[in-house]
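So you can see what is in the structure, the chains are spelled out below.
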Amino acid sequence: MPSRSFAKATSLVVSLVSLLLSVAGAIGLLSFDGVGILPGGPLWCRLVHPFVHAGVLHALLNVYVFLQLVFFFPVRLRHLLLAYVVSCSCPEMLALWSPSLLHGLFLHGSCVAGLSGVVFFLMGLVTVHVARPLRFCMVLLGWQLFGMTLGTMAVGMHLYCYVIGVLAGCQDSCLRPSA
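Given the structure is predicted, the values throughout are model-derived calculations rather than measurements.

J.: Go over the overall build of the protein, please, and point to the residues and values.
T.: A count of helices and strands for the protein gives eight helices and two strands. For the protein, the sequential pattern of α-helices and β-strands runs α-α-α-α-α-β-β-α-α-α. Here the protein holds 179 residues, and 41% of them are scored as buried. Across the protein, every contact between residues at least 6 apart in sequence was considered, and the portion connecting residues at least 24 apart equals 80%. When the accessible surface of the protein is summed, it comes to about 9,400 Å², and 74% of that surface belongs to carbon and sulfur atoms.

J.: Give a description of the state of the cysteines that names residues and reports values.
T.: In this structure the tally under the stated criterion is zero disulfides. Here C90 is not cross-linked by a disulfide; its sulfur's nearest cysteine counterpart is in C161, at 5.6 Å.

J.: Tell me about a nonpolar patch on the surface, residues and numbers included.
T.: A surface patch of nonpolar side chains, amounting to about 390 Å² of accessible area, comprises V23, I27, L29 and L30. Looking at the element boundaries, V23 is found in helix α1 (residues 3-26). Note on V23: relative accessible area 39%, which makes it partly exposed.

J.: How would you summarise the nonpolar core if you had to cite specific residues and measurements?
T.: Core analysis: the biggest nonpolar cluster contains 33 residues, and F66, F121, L122, M123 and M157 have the highest contact counts within it. Leaving out residues up to four positions away in the same chain, M123 has contacts with V65, L69, F136, L140 and Y162.

J.: For the packing of helix α6 (residues 116-126) against helix α8 (residues 155-171), give the residues involved together with the corresponding values.
T.: Here α6 crosses α8 at 35°, and the two axes come no closer than 6 Å. Along this stretch, α6 crosses α8, giving a crossing that reads as right-handed. From α6, S116, G117, F120, F121, M123, G124 and L125 reach across to α8, where they touch M157, H158, C161, Y162, I164, G165, V166, A168 and G169.

J.: Let's hear about the packing of aromatic side chains: which residues, and what values?
T.: Per the stated rule, a full pass over the model turns up one aromatic pair. Pairing F51 with Y84 gives two aromatic rings, centres 6.2 Å apart and planes at 40°, and the pair type is tilted. Of the two residues, F51 is situated in the loop between α2 (43-48) and α3 (56-72) and Y84 in helix α4 (residues 77-88); the sequence distance between them amounts to 33 residues.

J.: Break down α1 for me, citing the residues and quoting the values.
T.: Over its 24 residues, α1 runs 34 Å from end to end, which matches the ideal 34 Å to within 8%, given 1.5 Å per residue. Of the positions making up α1, those classed as buried are A7, S11, V14, S15, S18, S22 and A24.

J.: Provide a residue-level description of α6, including the pertinent values.
T.: In terms of burial, α6 is a largely internal element, eleven of the eleven residues being buried. Taken residue by residue, α6 has S116, G117, V118, V119, F120, F121, L122, M123, G124, L125 and V126 as its buried positions.

J.: How would you sum up the side chain of H79? Please name residues and give values.
T.: Within the element layout of this structure, H79 appears in helix α4. A distance of 2.8 Å separates the side chain of H79 from the backbone nitrogen of R76, its partner in a polar contact.

J.: A description of the packing of α4 against α8 should follow, citing residues and the corresponding values.
T.: Relative to each other, α4 and α8 sit at 140°, their axes nearing to 10 Å. The hand of the α4/α8 crossing is right-handed. Facing L82, V86 and S87 of α4, the residues of α8 in contact are M157, Y160, C161, I164 and A168.

J.: Help me get a handle on the environment of P2, residues and values and all.
T.: Inspection of the secondary structure assignment puts P2 in the segment before α1. For P2, a relative accessible area of 56% translates into the label exposed. A C-alpha to C-alpha distance of 9.4 Å links P2 and L77, two positions 75 residues apart in sequence.

Definitions and cut-offs
Each chain has its residues counted from 1, following the order in which its sequence is written. Owing to the predicted nature of the model, reporting of local features is limited to residues with pLDDT of at least 70; listing and counting of side-chain atom pairs is limited to 80 or more, with chain, interface and lining totals taken over all residues. As a rule here, side-chain values come from all non-hydrogen atoms in the structure, and water together with hydrogens is ignored. The numbering of helices and of strands both runs from the N terminus, where a helix is a DSSP run of H or I of at least 4 residues and a strand a run of E of at least 2. With a 1.4 Å probe rolled over the protein chains alone, any residue whose accessible area is under 20% of its type maximum counts as buried; one over 50% counts as exposed, and the rest are partly exposed. The contact criterion used throughout is that any non-hydrogen atoms of two residues lie within 4.5 Å. Using the Shrake-Rupley algorithm and a 1.4 Å probe, accessible areas are obtained, with residue cover drawn only from the displayed protein chains. A pair of cysteine sulfur atoms is labelled a disulfide when the two atoms are within 2.5 Å. Patches were defined on residues exceeding 30% relative accessible area and lacking a salt bridge, with like-charge contacts within 9 Å and nonpolar side-chain contacts (Val, Leu, Ile, Met, Phe, Trp, Tyr) within 5 Å. Counted as salt bridges are all cases of a side-chain nitrogen of Lys or Arg within 4 Å of a carboxyl oxygen of Asp or Glu. Throughout this description, the term nonpolar core refers to a set of buried Ala, Val, Leu, Ile, Met, Phe, Trp, Tyr and Cys residues connected via side-chain atoms within 4.5 Å. Under this scheme, a helix contributes an axis fitted over its contacting stretch, all axes are lines through C-alpha atoms, and angles between N-to-C directions fall in the 0 to 180 degree range. Should the near helix be turned anticlockwise from the far one by less than a right angle, the crossing is left-handed, and should it be turned clockwise, the crossing is right-handed. When the centres of two rings from Phe, Tyr and Trp lie within 6.5 Å, Trp using its six-membered ring, the rings pair. Their planes under 30 degrees apart give stacked, over 60 give edge-to-face, and anything left gives tilted. Expected helix span is taken as 1.5 Å per residue step, with the number of steps being one fewer than the number of residues. Residues adjacent in sequence count toward polar contacts only when both atoms are side-chain atoms; beyond that, a polar contact is any pair of N or O atoms within 3.5 Å, and within protein one must be able to donate a hydrogen and the other to accept it.

Structure, rendered in structure tokens:
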């Protein structure tokens, strides 16, 4: 089976696990308090953070964008694995950085969880593939600015993953647009 098929199958499994865990958390079957990237947190919390979300709506939004990226762009299994590693390796203070208009400069008392680090890495990766990369970047910037007004968006995590995704996309020949 080609790498693209593995990537699509993997993305469906990741999406299903994320949604099931979110529903289990929402109905009280599981508790994810303190699971995610947080200062001094255990390694296992960092490794499972992409699969845990703040709620079902958060999971649905992340999964929707994640599947769009995997199914409509030439994302391969190695890209998904790299996205996971980059998301899990984000430095704690950068992951918690959010210049929110409502909550100060850091997400105090909370941790960063969700698939958005993986999603932003993939968005950076495909930036070199889109027809209008500047427009694509402006739309992403608009969403970041909107999220900053909410006070719960991990802007530092998003920027870290996006920039590394762009750098990886520039190096990956399978993502370059054909002439």
